[in-house]
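So the chains spell out like this:
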Amino acid sequence: MELTEQMTPFEAVNYFFQRAASNQELADSAIAMLSGTFRELRVQVPYRCDDGHMEIAYGYRVQHNAARGPYKGGIRYHPDADIDEVRALASLMTWKTALVDVPFGGAKGGVQVDATQLSEREKEQVTRRYADQISHIIGPTRDIPAPDMGTNAQTMSWIMDQYGRKVGHTTQIVTGKPVPLGGSFGREEATGRGVVVTMEEAVRELGLGEPEDLTIAIQGFGNVGSWAGHIAAERGYRIVATSDVNGGIYAADGFKVDDLTAHVHESGSVVDFPGSEPISNEDLLELDVDVLIPAALGEVITHENCEAIRAKLIVEAANHPVTPVADYALEDRGVLIVPDILANAGGVTVSYFEWVQNNQEIRWELDDVNRRLELKLQRAYRECRDFQQSHASEDMSFREAAFSLSVERVVEAATLRGYL
Ligand code: GLU
């Protein structure tokens, strides 16, 4: 596969899969299976708007691979969540779950709507209708959805309720639920916490210094970006810039993240946070900081801006924020990139903990969840490094090592089942 900037998101993910496949000399059947998807469902989602008129949205559920366990992955409400994007995200889930070694496969769902323009009533209708339309292919041992961009714990409550109307109360049908409905302590902040845990592994490895001496820019202040910022600030790091769709803010001395969160709750945006200067989303990426955390959309670091990136470490809180062309250019310049399938795997890791707790009808304490999450991500980080070092002759990037290790695990499971 040729490396170009014109790749679609699914082609870009598959580019890294193909690199791993050729390093491992995978059979053609394995390449065909894993560069495609097992099942793709496209459904109409009609819903009545508050003004009385009907809208028809399109929704998808893509199941990429289930060799290692039930399909697992979030549901995204976003205008860009088309079939190619959802395929890309579904395949990333297969590699992510294998990398952190949770017993799941990979899937993803999407509805092409702008969640920011929907009222709660409209969102509930979209969700219940979409849940009905995909209900025949999901299940607590088949495919377990979770939140993603544009969805949250409330969305999961509606899905659980809707699914339960058909088959009876089923807590394990979704993860990322609110705690009173069987959610896990620590799930809401898990992706952000995982970003900080893997960032700290890289900071130690690179010898970048003590938290107080390090500056961080976070693109995106949604669930993942804000929790990553909150937890990093708690550990002493200086968050000097962040942003949302309305614009960005910068403060050389760092923000008080709690105050910033309060400001966002009040005003709906990070913009105009007292004591900060405005900055554009594009300029934020090019700031002279130690660590850059893209925590918004995919493909924000491309061949056009990668030369201007000054951070020494990039931690991919978002899914595929760096295009493959930019990835290799940054790698050549010695920038360490903690890849998405490792950096943002904290969410699905605690989703797994939630599913385990639901299956056993018990609840773990928050400290217990956080400790297990930290151990799991630290181990995955170490395993990627060990894999890279033990294949030194193949000259792999950290991302390529992460993909190769995941591919090896998925192929092993598929072979044991007799698919390959
Ligand atoms: N949507 C999250 C992700 O991309 C979480 C998925 C899950 O918990 O199943 O990793």
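Refer to the structure printed above.
Everything numeric in this text was worked out from a predicted model, so none of it was measured.

So, on to the sheet that holds strand S2 (residues 54-65). What holds strands together in a sheet is hydrogen bonding between their backbones, with the strands either parallel or antiparallel. Taken in spatial order, the five strands make up an open sheet running S1-S2-S4-S3-S5, and their pairing is mixed. Each of the sheet's edge strands pairs with one partner strand only, and the pair in question is strand S1 (39-48) and strand S5 (143-147). Direction aside, neighbouring strands of the sheet carry axes that sit 20° apart on average. Relative to strand S4 (residues 106-111), S2 is paired through six bridges, and the arrangement is antiparallel. For Tyr 60, the partnering residue across the bridge sits in S4 and is Gly 110.

Here we have seven strands laid out as an open sheet, ordered S9-S8-S7-S6-S10-S11-S12, and mixed in their pairing. A single partner strand is all that each edge strand has here, and the edge strands are strand S9 (277-279) and strand S12 (336-338). The average angle at which neighbouring strand axes cross in this sheet is 20°, direction not considered. Relative to strand S11 (residues 313-315), strand S10 (residues 291-294) runs parallel, the two being bridged by two bridges. By the bridge assignment, Val 291 is partnered in S11 with Leu 313.

This brings us to the pairing of S1. Look at any regular strand and the pattern is simple: side chains alternate between the two faces of the sheet. In this sheet, S2 lies alongside S1 in antiparallel orientation, the contact comprising ten bridges. Note on S2: the bridge partner recorded for Val 43 is Gly 59.

Below, the discussion takes up the pattern of salt bridges. For the coordinates displayed, the defined rule picks out 24 salt bridges. When the shortest N-O distance is used, the salt bridge between Asp 101 and Arg 68 registers 2.9 Å. Of this pair, Asp 101 sits in the loop between helix H3 (83-99) and S4 while Arg 68 sits in the loop between S2 and strand S3 (71-77), placing them 33 residues apart in sequence. Assessed through its relative accessible area of 41%, Asp 101 is described here as partly exposed. A salt bridge links Glu 354 to Lys 177; the nearest nitrogen and oxygen atoms lie 2.8 Å apart. Placement of Glu 354 in helix H12 (residues 346-360) and of Lys 177 in the loop between helix H5 (153-167) and helix H6 (190-206) is noted, with a sequence separation of 177 residues between them. Take Glu 354 and Lys 177: they sit in the same class, and that class is buried. Where salt bridges share partners, they join Arg 76, Glu 85, Lys 108 and Asp 148 into one cluster.

This part takes up the packing of H6 against helix H13 (residues 366-390). The description of two helices packed together rests on the angle between their axes and the distance between the axes. Between H6 and H13, the shortest axis-to-axis distance is 10 Å and the interhelical angle comes to 45°. Of the possible angle classes, the one that applies to H6 and H13 is oblique. Read as a crossing pair, H6 and H13 show a hand that is right-handed. Contacts between H6 and H13 involve Ala 190, Arg 193, Gly 194, Val 197, Thr 198, Glu 201, Ala 202, Arg 204 and Glu 205 from the former and Asn 370, Leu 373, Glu 374, Leu 377, Gln 378, Tyr 381 and Arg 385 from the latter. Split into classes, the residues belonging to the contact of H6 with H13 amount to six nonpolar, four polar and six charged.

Lys 72, Lys 96, Pro 147, Asp 148 and Ser 351 are the nearest of the 14 residues found near the ligand. At 2.8 Å from an oxygen atom of the ligand is found a side-chain nitrogen or oxygen belonging to Lys 96. At 2.9 Å, a backbone N or O of Pro 147 approaches a nitrogen atom of the ligand. When the free accessible area of the ligand is taken as 300 Å², the share hidden by the protein chains comes to 95%. Listed by contribution, the elements that provide at least two residues to the shell around the ligand are S3, H3, S5 and H12.

So, how was this worked out
- Residues numbered from 1 in each chain as written.
- Predicted model: local features only at pLDDT ≥ 70, side-chain atom pairs only at ≥ 80, totals over all residues.
- Heavy atoms only, no water.
- Pairing = 2+ DSSP bridges.
- Helix = DSSP H or I, 4+ residues; strand = E, 2+ residues; numbered from the N terminus.
- Axes fitted to C-alpha atoms, helices over the stretch in contact; angles between N-to-C directions.
- Salt bridge = Lys/Arg side-chain N within 4 Å of Asp/Glu carboxyl O.
- Buried < 20%, exposed > 50% of the residue type's maximum accessible area, 1.4 Å probe, protein only.
- Parallel < 35°, antiparallel > 145°, perpendicular 65-115°, else oblique.
- Left-handed = near helix turned anticlockwise from the far one by under 90°.
- Contact = heavy atoms within 4.5 Å.
- Nonpolar A, V, L, I, M, F, W, Y, C, P; charged D, E, K, R; others polar.
- Near = heavy atom within 4 Å.
- Polar contact = N/O pair within 3.5 Å; in protein donor to acceptor, adjacent residues only side chain to side chain.
- Areas by Shrake-Rupley, 256 points an atom, 1.4 Å probe, with all protein chains shown as cover.

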